[in-house]
Amino acid sequence: MEDCIFCKIVNRELPGEIVYEDDRVLAFLDIHPKAPIHLLLVPKSHLASIQNEGSEDVAGELVSAAKHIAKEKGLSSYKLVFNVGREAGQTVNHLHLHLLSGGPSELTI
Ligand code: DGP
């Protein structure tokens, strides 16, 4: 989608520190990390929010990729967060899953 920063990272039109990729999911470092490890996992196809129709399957793919990355990186403890809606902190309207690890257990984003 035009003017979507995460679509642009997916399409390599904007730089991103990519740590994982498969057919449907891209994971890259969050530009404003809230924990020593802070990744964003996004679907390659644009979907605005978890509130959108059909997001459950996409969310499952993101969680599955997050589990894969965590296992690969040897993370035994981490947080997975979807911010849904502006008041909950969603600033980018391309569905994304935060993976945070290595910080204090009470960390919030
Ligand atoms: P949220 O607040 O849930 O919408 O999370 C959006 C996150 O995206 C936020 O933690 C900062 C991150 N972010 C915003 N712009 C960019 C960017 O251009 N590159 C990267 N890597 N992360 C970005």
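Position labels on residues start from 1 in each chain and follow its written sequence. A pLDDT threshold of at least 70 governs which residues receive local features in this predicted model, and a stricter bar of 80 or more applies before side-chain atom pairs are shown or counted, although totals over entire chains, interfaces and linings include all residues. Just so you know, side-chain values use all the structure's heavy atoms and leave hydrogens and water out.

Enquirer: Help me understand the site of the ligand in this model?
Expert: When we say a residue is near a molecule or strand, we mean one of its heavy atoms is within 4 Å of it. As a matter of local geometry, the ligand sits amid 15 residues, with Asp 30, Asn 83, Gly 89, Thr 91 and His 98 nearest to it. Here an oxygen atom of the ligand sits 2.5 Å away from a polar atom, N or O, in the side chain of Asp 30. Gly 89 places a main-chain nitrogen or oxygen 2.5 Å from an oxygen atom of the ligand. All accessible-area figures derive from a Shrake-Rupley calculation using a 1.4 Å probe, and residue coverage is judged against the displayed protein chains alone. Burial of the ligand by the protein chains amounts to 84% of its free accessible area of 510 Å². Those elements that provide at least two residues to the shell around the ligand are α1 (5–10) and β2 (25–29). A run of H or I in DSSP counts as a helix once it spans at least four residues, and a run of E counts as a strand once it spans at least two, with each numbered from the N terminus. It is α1 that contributes the most residues to the shell around the ligand, three residues altogether. Nonpolar residues are Ala, Val, Leu, Ile, Met, Phe, Trp, Tyr, Cys and Pro. Charged residues are Asp, Glu, Lys and Arg, and all others, Gly as well, are polar. Its residues assigned to classes, the shell around the ligand shows eight nonpolar, six polar and one charged. Polar contacts here mean pairs of N or O atoms no more than 3.5 Å apart (in protein, one a potential hydrogen donor and the other a potential acceptor; neighbouring residues in sequence count only if both atoms are side-chain atoms).

Enquirer: How should the pattern of salt bridges be read in this particular structure?
Expert: For side chains of opposite charge, pairing can occur when their charged atoms come near one another. Put simply, a salt bridge is a Lys or Arg side-chain nitrogen that is within 4 Å of an Asp or Glu carboxyl oxygen. One pass over the full model with this rule turns up four salt bridges. Between Asp 3 and Lys 8 there is a salt bridge, and its shortest N-O distance comes to 4.0 Å. Under the scheme applied here, a residue whose accessible area is under 20% of the maximum for its type counts as buried, over 50% as exposed, and between as partly exposed, the area being computed with a 1.4 Å probe on protein chains only. The exposure class of Lys 8 is partly exposed, given its relative accessible area of 26%. For Glu 61, the salt bridge identified is with Arg 24, shortest N-O distance 2.8 Å. With Glu 61 in helix α2 (residues 55–73) and Arg 24 in the loop between β1 (18–21) and β2, the pair connects residues that are 37 residues apart, well separated along the chain. When salt bridges that share partners are traced, they join Arg 12, Glu 21 and Lys 44 into one network.

Keep in mind these values describe shape, not function.
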